[in-house]
Amino acid sequence: MFAAAVGVGRSALLVEMVKVVFTPSGRRGSFPVNTPLLQAARVLGVDIDSVCGGRGLCGRCQISCAEGSFPKHQIESTRASLSPLCATEIKYGERKSPLLDGRRLSCHTLLLDDVVIDVPAESQVHRQIVRKAAEYRDIALDPAIRLYYVEVDAADMHVPKGDLQRLIEALDEGWQLPDLRCDSRLLKTLQPALAEGHRGITAAVSKAKNIVALWPGLREVAYGIAVDVGSTTIAVDLCDLTSGEVLGSASAMNPQIRFGEDLMSRVSYVMMHPEGAEEMTRAIRQALNKLFAEVVAQVNGTLDDILEVSLVANPIMHHILLGISPVELGGAPFALATDAAVEIPARELELTINGGGRLYILPCIAGHVGADTAGVILSEEPQCQDQMTLLVDVGTNAEIVLGNRQRLLACSSPTGPAFEGAQISCGQRAAAGAVERVRIDPSSLEPRFRVIGSHIWSDQPGFAASLDQRGVTGICGSGIIEVVAEMYLAGIVSEDGVIDGALRARSARIVETGRTWSYLLHDPDDDGAQLLITQSDIRQIQLAKAALYAGIKLLMDHMGTPDIERIRLAGAFGSHIDVQRAMVLGLIPDCALDQVSSAGNAAGTGARIALLNHGSRELIESLVKRIEKIETALEPKFQDYFVDAMAFPNKSDAFPKLFSKVVRPQPRVPEAVSGSGRRRRRRV
Ligand code: FES
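Note that the structure is predicted; figures quoted are calculated from it, not measured.

### Some details on the overall build of the chain
Within the chain, the regular secondary structure consists of 18 helices and 32 strands. Along the first, second and third principal axes, the C-alpha atoms of the chain reach 115 × 65 × 55 Å. Going through the 684 residues of the chain one by one, you find that 56% of them count as buried. The contacts in the chain between residues at least 6 apart in sequence include a share of 65% that link residues at least 24 apart. Total accessible area computed for the chain in this model is approximately 28,900 Å², and 52% of it derives from carbon and sulfur atoms.

### Examining a nonpolar patch on the surface
Taken together, the side chains of M271, M272 and V327 present a nonpolar region at the surface, about 300 Å² in accessible area. Looking at the element boundaries, M271 is found in helix α5 (residues 263-272).

### Observations concerning the sheet that holds strand β31 (residues 596-600)
Taken together, the six strands give an open sheet; going across it, the order is β31-β30-β21-β22-β23-β32, and neighbouring strands pair in mixed fashion. Of all the strands in the sheet, the pair left with one neighbour each is β31 and β32 (628-629). As paired elements, strand β21 (residues 389-394) and strand β30 (residues 566-570) share five bridges and run parallel to each other. Across the sheet, L391 pairs through a bridge with R568, a residue of β30. Against the sheet, helix α11 (residues 535-559) makes contact with β21, β22 (398-403) and β23 (408-413), and its axis sits at roughly 25° relative to β22, the strand it touches most.

### Focus on the confidence of the model for the chain
Segments scoring low in pLDDT should not have their predicted coordinates read at a detailed level. Scored by pLDDT, the chain comes out at a mean of 89, with 94% of its residues at no less than 70. Low pLDDT, under 50, characterises residues 129-134; the predicted model gives this stretch 17 contacts beyond four residues in sequence or across chains.

### Digging into a negative patch on the surface
Side chains of D153, D156, D172 and E173 sit close together on the surface and give a patch of like negative charge. With respect to the secondary-structure elements, D156 resides in the loop between β11 (145-151) and α3 (163-175). For D156, a relative accessible area of 33% gives the class partly exposed.

### Brief notes about helix α7 (residues 315-322)
Burial analysis of α7 places eight of its eight residues in the buried class, the great majority of the element. Taken together, the buried positions of α7 are occupied by P315, I316, M317, H318, H319, I320, L321 and L322.

### A short note on the sheet that holds strand β14 (residues 210-216)
In space, the four strands of this open sheet follow the order β11-β13-β14-β12, with mixed pairing throughout. Because the sheet does not close on itself, it has two edges, and the strands there are β11 and β12 (181-182). Here two bridges tie β12 to β14, and the two strands are oriented parallel to one another. Each bridged residue has a counterpart across the sheet, and for R181 the counterpart in β14 is N210. On the sheet, α3 packs against β11, β12, β13 (200-206) and β14 and is oriented at approximately 105° with respect to β11.

### Considerations on unusual backbone geometry
A cis amide bond links F648 to the next residue, P649, at an omega of -15°. Inspection of the secondary structure puts P649 in the loop between α16 (637-644) and α17 (656-659). In this model, N34 sits at a positive phi of 75°, which is unusual for a non-glycine residue. Relative to the elements of secondary structure, N34 occurs in the loop between β3 (28-32) and α1 (37-44). Positive phi outside glycine occurs at D179, with the angle close to 60°.

### Observations regarding the pairing of strand β24 (residues 434-440)
The buried count for β24 comes to six of seven residues, which makes it a mostly enclosed element. Two strands pair when backbone bridges link them, and β24 and strand β26 (residues 474-475) are joined in this way by two bridges, in the parallel orientation. Bridge pairing in β26 links A434 to G474. Pairing between β24 and strand β25 (residues 447-451): five bridges, direction antiparallel. Looking across to β25, one finds that V435 is bridged to V451. Hairpin geometry of β24 and β25 is characterised by an intervening segment of six residues between the two adjacent antiparallel strands and by a positive phi of about 65° at L445.

### Let's talk about the pairing of strand β20 (residues 358-361)
Here strand β18 (residues 306-313) pairs with β20 via four bridges, running parallel. Of the residues in β20, the one forming a bridge with L311 is I361. Direction of pairing for strand β19 (residues 342-345) relative to β20: antiparallel, over a ladder of four bridges. In the sheet register, P345 faces β20, and the bridge partner there is R358.

### A word on the environment of C61
Summarising the element assignment, C61 is placed in the loop between α1 and β4 (62-65). Residue class for C61 comes out buried when judged on its relative accessible area of 3%. C61 sits 395 residues away from I456 along the chain, and the two C-alpha atoms are 50 Å apart.

### Observations concerning the environment of A346
Within the secondary structure layout, A346 lies in the loop between β19 and β20. Exposure remark for A346: the relative accessible area of 0% places this residue in the buried category. Here the alpha-carbon distance between A346 and S123, two residues 223 residues apart in the chain, equals 30 Å. When neighbours within four sequence positions are excluded, A346 is seen to be in contact with L351, I353, G357, R358 and L359.

### A few points about the pattern of salt bridges
Per the stated rule, a full pass over the model turns up 33 salt bridges. Between K207 and D142 there is a salt bridge whose closest N-O contact spans 2.8 Å. Highlighted residues: K207 in the loop between β13 and β14 and D142 in the loop between β10 (138-140) and β11, separated in sequence by 65 residues. On the basis of relative accessibility, which here comes to 41%, the residue K207 falls in the partly exposed class. For D496, the salt bridge goes to K651, with nearest N and O atoms at 2.9 Å.

What counts as what
Residues numbered from 1 in each chain as written. Predicted model: local features only at pLDDT ≥ 70, side-chain atom pairs only at ≥ 80, totals over all residues. Heavy atoms only, no water. Helix = DSSP H or I, 4+ residues; strand = E, 2+ residues; numbered from the N terminus. Buried < 20%, exposed > 50% of the residue type's maximum accessible area, 1.4 Å probe, protein only. Contact = heavy atoms within 4.5 Å. Areas by Shrake-Rupley, 256 points an atom, 1.4 Å probe, with all protein chains shown as cover. Patch = residues over 30% accessible without salt bridge, like charges linked within 9 Å, V, L, I, M, F, W, Y side chains within 5 Å. Salt bridge = Lys/Arg side-chain N within 4 Å of Asp/Glu carboxyl O. Pairing = 2+ DSSP bridges. Axes fitted to C-alpha atoms, helices over the stretch in contact; angles between N-to-C directions. pLDDT = per-residue confidence, 0-100. Lys, Arg positive; Asp, Glu negative; His and termini not counted. Charge placed at Lys NZ, Arg CZ, Asp CG, Glu CD.

Below, the structure written as structure tokens:
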């Protein structure tokens, strides 16, 4: 503590001053004794949260005294450097939860002596949120809508003005929020809310300076929802806008599947049924409302608690949701109605969140590269990488981004639904009972596999008992990649994708199906369904992976780069795929295997970043403008690359990094099929 003169000339007073240091920010300053800590923090620009405006109601401003000797700051910091616990803090503890471990409400704690103060992460407005599981990533919390509590002056006949003007003034005075506007829809709720809250009111205010919702008294609940509308599934995450925490999640199949399995068939449906677009719009909006209700029920909340939705979708889903016909996206020049981000009241799309709630849709990039890819970019930040990075989001259309901090290119490629298990004879969506992992012994050609819902391999004891009553039901996208890659590595399938019928002499797993051969992965005598990998299945995978690889090659050409240094696979398929086997088949270019990894649901993560961090919206909106779009349909080389990529892994590209780790199968010497061999074939 020290004395300092405050004031000018003869009116100057000697005032006792104390030093305060805030950690982890390191901000420090000197203040007169008895200055409230929250006030000192505000002066120094220390990031401390508050919803109630320092009234001791919300508990967001908690700090603790760092006790001990701090020679660097020349401070002996003790709890006695702060005023004792006051009645408001005790009341807060009784009303909510007791202040444990020396925690204090900074708005009701006064500085008495030099002190070092710890601001815990949960008390910081712009705290970093670390997400869980496969999606570790820091997000600086700064949502577009925040809650502010104020106490509004009572009406006074001598000061004639409206209650709305009093509210706006109180928000400006208490929270430095000048020039606010208010939706006229809220006017009818204002006076009842002021009366119920005894002039205390909480306003939800957007960064665009709009008051979007009002509640009587102190309100601390504000939710937002991040949505990923895929052509197959819709996933939503409920987030607490005040803490950034993900509170609940829900997902459902996209109900538009009944109009067509893949995107183009949905566009065709609209072309043939003029009312089809409207039907699909209704279906997706209803599905979203159902998911919102489901996810908010998980936390016993109400739809009124949801103030904002941030959404990503591919261009066709994006247009249908907005009620725009997707027909223009069905053919060249694949014209988007808009590629800008969309920010509108959610009620315009009949989304049943809070009446003042907002909807933000990330910008699209090109005709087939949508807001979902913008989400992937936001999440993966290729623009911050030195390494030449390839991002691949595989769905019924693959969306591909290549680049680094110098340059970014994007395109999409029509892979079709084979990677999702569709168009595969025993394919199915990823669900319990679907084969997801496969290994084939190259000498016996015997397979072993694992299905979703069980951790036991099929050749281990207890496998049958670990399955539900349906047993083995089919093979999902990641399973089909594995089985085809294993068939290639075991020599069952040639480089050209032909199943070698001559191997029937070595294994009863090679069976005749019409004029071609198939591989019996699972016998019907065992549990569940017969799983046969047919020649046609192999062709479907070749077509899908050739389309993907040709798109990647075009981007590599435009980038003028022979090497990819890092690959991130996004989406559900990318999360479950075995990267080595994906490379063995030539889905992705040669790259050091330890530099290939899953990005999880990066599009959904991008939606969450845009929900929780307003600044990220400006970032992605400006970034998409400088992404160079490559239209695969217009590129003459696409066909050549496609033909080469039909081979495993590729007709013209060597994969030195891959084959330094994996033994390349030797091309087989063709064997004549003998008559006796034919007689031994097993018919299925
Ligand atoms: Fe709300 Fe301190 S600011 S309790």
